[in-house]
Amino acid sequence: MQRTATSRFLPALAAVAVSLGVQAQSSQQVPAANKTMAAYAQVINPFFVDLDCENLGYVQPGEVDEHVGPIFMGFDLDGSSGIDPAEWRSHPGMRDQPLLAISFSVADVDGDGRVNYLELLEYMKTAINALDDNGDGELSPSELDAFLPAD
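Calculation criteria
Residues numbered from 1 in each chain as written. Predicted model: local features only at pLDDT ≥ 70, side-chain atom pairs only at ≥ 80, totals over all residues. Heavy atoms only, no water. Helix = DSSP H or I, 4+ residues; strand = E, 2+ residues; numbered from the N terminus. Expected span 1.5 Å × (residues − 1). Buried < 20%, exposed > 50% of the residue type's maximum accessible area, 1.4 Å probe, protein only. Polar contact = N/O pair within 3.5 Å; in protein donor to acceptor, adjacent residues only side chain to side chain. Salt bridge = Lys/Arg side-chain N within 4 Å of Asp/Glu carboxyl O.

A. Examining helix H7 (residues 117–131) more closely. When the terminal C-alpha atoms of H7 are compared, their 21 Å separation across 15 residues agrees well with the 21 Å that a helix rising 1.5 Å per residue should span. Within H7, 12 of the 15 residues are buried, which leaves the element mostly enclosed by the surrounding structure. Turning to H7, its buried residues number three or more, namely Glu 119, Leu 120, Leu 121, Tyr 123, Met 124, Lys 125, Thr 126, Ala 127, Ile 128, Asn 129, Ala 130 and Leu 131. Backbone nitrogen of Leu 118 and a side-chain oxygen of the N-cap are separated by 3.0 Å at the start of H7; the cap is Asn 116.

Shown next as structure tokens:
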């Protein structure tokens, strides 16, 4: 059932990638279908340890509820209660700019040019569900690494 919400976003993500003409910034070409997953992975990766606060070696979507506050504040540098594109791009760990364009446009559900707290919360939950390749409700480091862009 968790896959239902995720699968609803994947076509939109793919359409955004195609419309932006996004190209991977690594030596290997990433298929268009995987660019959306790579965008999810790039956003989740810097926060994996924070989300796995119990050191179980995996994260679940429900853990986002407990930890999204500090994550949001880390993005919202000006304290405006919204993350603008410059704040999104400037966060540590966010390296691949084309993937960030995809992730920002998907996270900004209402299209107002800013990602609010609830949008970030939902985006991160959706990302964890999408990256959970085996569907066990837990995102492991190996599942995350499978979609991270190469350096």
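B. Spotlight on the pattern of salt bridges. The final tally for this structure, using the stated rule, is 1 salt bridge. Of the charged contacts in the structure, one is a salt bridge between Asp 65 and Lys 125, with a shortest N-O distance of 2.8 Å. Of the two residues, Asp 65 sits in helix H4 (residues 62–75) while Lys 125 sits in helix H7, which places them 60 residues apart along the sequence. Taking the relative accessible area as the measure of exposure, Asp 65 reaches 42% and is therefore partly exposed.

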